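Residue-level structure breakdown
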Amino acid sequence: MKRSLCLFTAIAAMPFTIAWGQAAAPPSEPSVKNVELTVYLLSGVQTPAADDVPQDLAATVKNLHSLFLYKGYKLAESFILRGRSTGGPGAQYASTQGILPGSGLHYQFDYQRVRISNEKPYMVHIDGLSINLTGTPVYGTDGKQRGSNTVASIRTDLDLSDGQKVVVGKSSINQTGDALILVVVPKVIE
Amino acid sequence: MTCQDCELILAQGQVTGEVEEHLQRCVECRALSHDLLANALALESLRSEELPRVAVQLPRGRRVFPWVAVAAAAMFAFALLIPRPQTLKPVASPVIAPVASRAEPLPPPIETAKAQPTRLHPQKVEPLKIKMLTPDPDIVIYWLIED
């Protein structure tokens with residue numbers, strides 16, 4: 001009975017609340033914000049090995065050790081990708097690529113769109129985040145590149161809080177059962 | 001390059017320079033390319049999986065099939081060896097009457113609607129995403145599991 005009374009009161013008050021909100025809040029314009037993604041590309045290895053990650057990721061790797069049975073975690077690459085959320089439709093695609101030192105694998109990191117909430121603490125939503133690791137390019141007899149072999153890839157949508165370390169991982173990317181792990185840290189710049 | 005051209009080349013397992021340029025621009029084709037690659041990886045990983053052994057017990061009964069087959073074959077051979085009487089009578093060849101042919105105009109061609117090519121985008125199957133909370137609220141772990 002008490003719960004029903006609360007529900008009734010809430011429903012009855014809704015039109016007043018909406019009307020007050022419309023009167024008080026100015027018409028919101030899509031705000032343009034920049035977002036800086038710091039991305040760490042790690043590998044979780046099955047063979048015994050000491051961790052080789054920067055100090056910023058020590059706590060993250062400690063959590064990974066408590067959840068997974070990988071013997072060690074190594075940093076393969078890190079980079080910063082800066083993009084913009086226009087708050088409306090339009091191209092907000094951003095990408096970067098490079099070569100992983102040591103392995104010689106080529107990587108491409110991109111996302112389709114990033115959206116940032118208007119209020120603090122900012123929430124960052126990334127659509128179509130993707131990383132693709134490819135091997136040595138294959139060339140035809142005419143010398144033109146015919147393609148390349150994909151070694152591993154990750155593609156997903158993500159919701160992140162500003163400054164939060166979000167880990168995205170995938171197991172068994174190769175025969176030895178290693179894992180591909182991305183650590184994404186967003187920073188909203190006003 | 002159109003999306004259809006790109007899909008056809010991707011379906012053949014090739015990635016040319018033109019395709020890569022197209023993939024840079026086209027979101028759908030890039031998603032298709034990723035899906036195809038993920039499928040290829042998944043299939044490759046299945047190569048090493050051992051199939052479970054299934055014990056199948058066949059019904060045990062009298063095996064009559066060989067004897068029936070042998071009997072049928074013998075009867076067929078016997079039927080071939082029996083000489084058949086030649087009862088065919090000579091038939092006069094038919095007389096072909098001359099037919100006056102008249103050239104009639106062909107009916108106009110029927111216009112058929114051109115079939116629109118269907119896109120080859122497969123239904124996207126998102127990997128299973130497991131969210132793991134850690135003691136540190138600033139660290140969230142997502143693990144992707146693909147079939």
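In this report, we go over the structure that sits alongside the text. Because the structure is a prediction, the values reported are computed rather than measured.

Moving on, we come to the interface of chain A and chain B. Taken together, the contact between chain A and chain B spans 25 residues of the former and 20 residues of the latter. Only helix H2 (58–67), strand S7 (145–161) and strand S8 (165–170) of chain A provide two or more residues apiece to the side of chain A that touches chain B. No other element matches S7(A), which puts 9 residues into the side of chain A that touches chain B. Residue composition of the side of chain A that touches chain B, grouped by class: 6 nonpolar, 14 polar and 5 charged.

Turning next to H2(A). Burial in H2(A) covers these residues: Thr60(A), Val61(A) and Leu64(A). Looking straight down H2(A), one finds that the buried residues subtend no more than 95° of arc, so they occupy a single side. Relative to its buried face, H2(A) has exposed residues pointing more than 90 degrees away, namely Ala58(A) and Ser66(A). Against the buried residues of H2(A) lie strand S1 (33–45), strand S2 (72–85), S8 and strand S9 (179–189) of chain A together with strand S2 (139–145) of chain B.

Moving on, we come to the sheet that holds S8(A). Read from one edge of the open sheet, 6 strands run S2(A)-S1(A)-S9(A)-S8(A)-S2(B)-S1(B), paired in mixed fashion. If you trace the sheet from one side to the other, it starts and ends with S2 of chain A together with strand S1 (128–133) of chain B, each paired once. Strand-to-strand twist across the sheet, computed as the mean angle between neighbouring axes with direction ignored, equals 20°. Taken together, the 5 bridges between S8(A) and S9(A) define a ladder with antiparallel strand orientation. Across the sheet, Gly169(A) pairs through a bridge with Ile181(A), a residue of S9(A). Across the sheet, H2(A) touches S1, S2, S8 and S9 of chain A together with S1 and S2 of chain B, and the angle it forms with S2(B) is around 50°.

The next point concerns the pairing of strand S4 (residues 106–111) of chain A. In the case of a regular strand, side chains alternate between the two sheet surfaces. Residue and element names in this part refer to chain A. Burial of S4 is one-sided: the residues Tyr107, Phe109 and Tyr111 facing one way are buried, the residues His106, Gln108 and Asp110 facing the other way are not. Judged from the 6 bridges that link them, strand S3 (residues 94–99) and S4 form a sheet pairing that is antiparallel. When the bridges of S4 are listed, Ser95 appears paired with Asp110. Connecting the antiparallel pair S3 and S4 is a turn made up of 6 residues, with Gly102 showing a positive phi of about 95°. The pairing of S4 with strand S6 (residues 123–139) spans 5 bridges and is antiparallel. Directly across from Asp110, in S6, lies its bridge partner Ser130.

Moving on to unusual backbone geometry. Across the junction of Lys120(A) and Pro121(A), the peptide omega takes the value -5°, indicating a cis bond. Locating Pro121(A) in the fold gives a position in the loop between strand S5 (113–116) and S6.

All names here are of chain B. Of the residues making up helix H2 (residues 17–25), those classed as buried are Val19, His22 and Leu23. When H2 is viewed along its axis, its buried side chains cluster within an angular range of 100° and face the same direction. Away from its buried face by more than 90 degrees, H2 exposes Gly17, Glu21 and Arg25.

Conventions adopted
Residues numbered from 1 in each chain as written. Chains lettered and ligands numbered in written order. Predicted model: local features only at pLDDT ≥ 70, side-chain atom pairs only at ≥ 80, totals over all residues. Contact = placed C-beta atoms within 7 Å. Helix = DSSP H or I, 4+ residues; strand = E, 2+ residues; numbered from the N terminus. Nonpolar A, V, L, I, M, F, W, Y, C, P; charged D, E, K, R; others polar. Buried ≥ 20, exposed ≤ 12 C-beta atoms within 10 Å, placed from the backbone. Arc of directions from axis to C-beta. Pairing = 2+ DSSP bridges. Axes fitted to C-alpha atoms, helices over the stretch in contact; angles between N-to-C directions.

The values reported here are purely geometric and, on their own, carry no functional implication.
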